[in-house]
Amino acid sequence: YIIKDSKGSLQYAVALLKQLYRHRSTSLLVVDDSVTSRNQTSALLQRWQFSVYEATDGYQAIHILAKHPDIRLVLTDFHMPGMTGLDLLKQLRERFDRQSLAVIGISAQNNRTLPALFIKHGANDFLHKPFAPEELLWRVSLTLEHLELFQEIRELAHRDPLTRLYNRRFLFEQGNRQYLANRLQRQHAVMVLDIDHFKRINDTWGHQIGDQMLCHFAALLRLAFPDDLIARLGGEEFCVLLWHCSPAQAIAKAQQFLAQLKTKPLTHSVAGDLFITTSAGVETMLHNSLDEALQAADRLLYQAKADGRDCVRY
Ligand code: GH3
Ligand code: MG
Ligand code: MG
Ligand code: MG
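Read on for an overview of the structure. Here the structure is a predicted model, which is why all the values come from computation and not from measurement.

### Quick look at the overall build of the chain
Scanning the chain from terminus to terminus reveals 12 helices and 12 strands. Radius of gyration (C-alpha) of the chain: 26 Å, far over the 20 Å computed for a compact globule of 314 residues. Taking the principal axes of the C-alpha coordinates as reference, the chain spans close to 75 × 50 × 25 Å. Burial analysis of the chain (314 residues in total) assigns 31% to the buried set. When contacts within the chain are restricted to residue pairs at least 6 apart in sequence, those whose partners lie at least 24 apart make up 62%.

### Re the packing of helix α9 (residues 198-205) against helix α10 (residues 207-224)
Where α9 meets α10, the closest approach of the two axes is 7 Å, and the angle between their N-to-C directions is 140°. As judged from the angle between their axes, α9 and α10 are oblique. Two secondary-structure elements touch here, α9 through I201, N202 and W205 and α10 through H207, I209, G210 and M213. When its residues are assigned to classes, the contact of α9 with α10 shows 4 nonpolar, 3 polar and no charged.

### What about the site of ligand 1?
Lining the immediate surroundings of ligand 1 are 16 residues, of which D196, F198, K199, G210 and G235 lie closest. Sorting the residues of the shell around ligand 1 by element identifies β6 (188-195), α9 and α10 as the ones contributing at least two each. Here the shell around ligand 1 is built from residues that sort into 4 nonpolar, 5 polar and 7 charged.

### Concerning the nonpolar core
Counting residues in hydrophobic clusters, the biggest one holds 39 residues, and the most contacted among them are M191, V192, C239, V240, A280, V282 and A297. Elements that contribute at least two residues to this core include exactly α8 (168-182), β6, α10, β7 (229-234), β8 (237-243), α11 (247-263), β11 (278-283) and α12 (290-306). If you tally residues by element for this core, the top one is α12, at 7 residues. Not counting residues up to four positions away in its chain, the partners in contact with C239 are L171, M191, V192, A231, L233 and L294.

### Observations regarding unusual backbone geometry
Following K129, the chain continues into P130 via a peptide bond in cis, with omega recorded as -5°. Structurally, the position occupied by P130 is in the loop between β5 (125-128) and α7 (133-158). The residue Q49 is not glycine, and still its phi comes out positive at about 75°. Judged by the 12 C-beta atoms lying within 10 Å of it, Q49 falls in the exposed class.

### Comments concerning the sheet that holds strand β1 (residues 27-31)
Judged by pairing direction, the sheet is parallel, and its 5 strands sit side by side in the order β2-β1-β3-β4-β5 without closing on themselves. In the strand order of this sheet, the two ends are held by β2 (51-55) and β5, each with one partner. Each strand axis lies, on average, 20° off the axis of its neighbour in the sheet, ignoring direction. For β1 and β2, the ladder comprises 5 bridges, and the chain directions are parallel. When the bridges of β2 are listed, L28 appears paired with V52. Of the strands in this sheet, β1, β2 and β3 (71-77) are in contact with helix α3 (residues 35-47), which crosses β2 at around 170°. On top of the sheet, helix α4 (residues 58-67) reaches β1, β2 and β3; it is set at about 165° to β1, its chief contact.

### Points about the sheet that holds β8
Across the sheet, which stays open at both edges, the 5 strands sit in the order β7-β8-β6-β11-β12 with mixed pairing between neighbours. Both outer strands of the open sheet, β7 and β12 (312-313), are each paired with one neighbouring strand and no more. Relative to β8, β6 runs antiparallel, the two being bridged by 7 bridges. Bridging from a neighbouring strand, L193 pairs with F238 of β8. Here α8 sits on the sheet and contacts β6, β7 and β8; the angle it forms with β7, its principal contact strand, is near 135°. Sheet contacts for α11: β6, β8, β11 and β12; angle to β11, the most-contacted strand, approximately 175°.

### Focus on the pairing of β11
A large share of β11 lies buried, amounting to 6 of its 6 residues. Side-chain alternation along β11 places T278, A280 and V282 on one buried face and S279, G281 and E283 on a second face that is also buried. Taken together, the 2 bridges between β11 and β12 define a ladder with parallel strand orientation. Paired with A280 across the two strands is V312, which belongs to β12.

Parameters at a glance
- Residues numbered from 1 in each chain as written.
- Chains lettered and ligands numbered in written order.
- Predicted model: local features only at pLDDT ≥ 70, side-chain atom pairs only at ≥ 80, totals over all residues.
- Helix = DSSP H or I, 4+ residues; strand = E, 2+ residues; numbered from the N terminus.
- Rg over C-alpha atoms; globule rule 2.2 N^0.38 Å.
- Buried ≥ 20, exposed ≤ 12 C-beta atoms within 10 Å, placed from the backbone.
- Contact = placed C-beta atoms within 7 Å.
- Axes fitted to C-alpha atoms, helices over the stretch in contact; angles between N-to-C directions.
- Parallel < 35°, antiparallel > 145°, perpendicular 65-115°, else oblique.
- Nonpolar A, V, L, I, M, F, W, Y, C, P; charged D, E, K, R; others polar.
- Near = placed C-beta within 6 Å.
- Core = buried A, V, L, I, M, F, W, Y, C linked by C-beta atoms within 7 Å.
- Pairing = 2+ DSSP bridges.

Scope: geometric values only; no functional claims are made or implied.
Dropping the structure here:
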């Protein structure tokens, strides 16, 4: 179908097929009160390998969305009894932004202001009924591509490229939000770690092995703190936000990590087994912001360094 349509350019056809293939089995939700129209749209989308849920009205749509967080895109008819597609859109936008859940409005009405209303209230796109099957396909595909690109940009903005841990920016944005939300339960701790004498690794073995050591350290942190927010603050400094753990548990976890680190060297083909130690500051007191808690954790870290390194101060 695509090859026949792509005016003889095999490259173009392959590019289109690749794009489709990437989005196969993505979950979509079709909301329409008309059985005929809903079935038609669903059948087309299923034919293109999308995974399709169906709802007969806005209420059911909200119910299905709550049960299936894998749904990436909602295609909604405008005119439906009870709740219009526009009302549904407005409700959805209170909980999901345009980049997390896409909405495409659909209507058979000859109302020229409808597309503008949909887009104004946060729809990603709009389709007039009846539409050519391919228009549906490519609008859905383009919308999903936008979601993906945005996700990629978000990843790039939030992650440290070397270790793939969260970066400073993410820690201060998201981490601070989480900190303020969890603060009063007092079930949290802020830990700051700084690798001991890291400069020696670089000086002895070169920057490249230094980089590998940072990745190794990051991997060990991920293993030791699978449910916590881990960020690279910069250089050889890291931060872990521990939720749902008492001060005593947080301190114990930090000490366990330091002990583990001693038994897990980076094994390098030339350099052999490279061991490192780290110092850590664990702040368990209540602060007004993550920034303040981090400053306190930093002072404790400084203390750990002054006390001879390879230890936890709290
Ligand atoms: P201390 O025990 O007091 O923390 O000593 P240290 O050597 O770890 O601390 P110092 O701050 O003197 O040196 C940190 C070193 O980390 C210096 C810098 O070259 C290195 N570094 C920072 N970022 C990177 C990186 O991305 N890759 C590599 N390979 N090295 C880095
Ligand atoms: Mg309708
Ligand atoms: Mg440092
Ligand atoms: Mg250091």
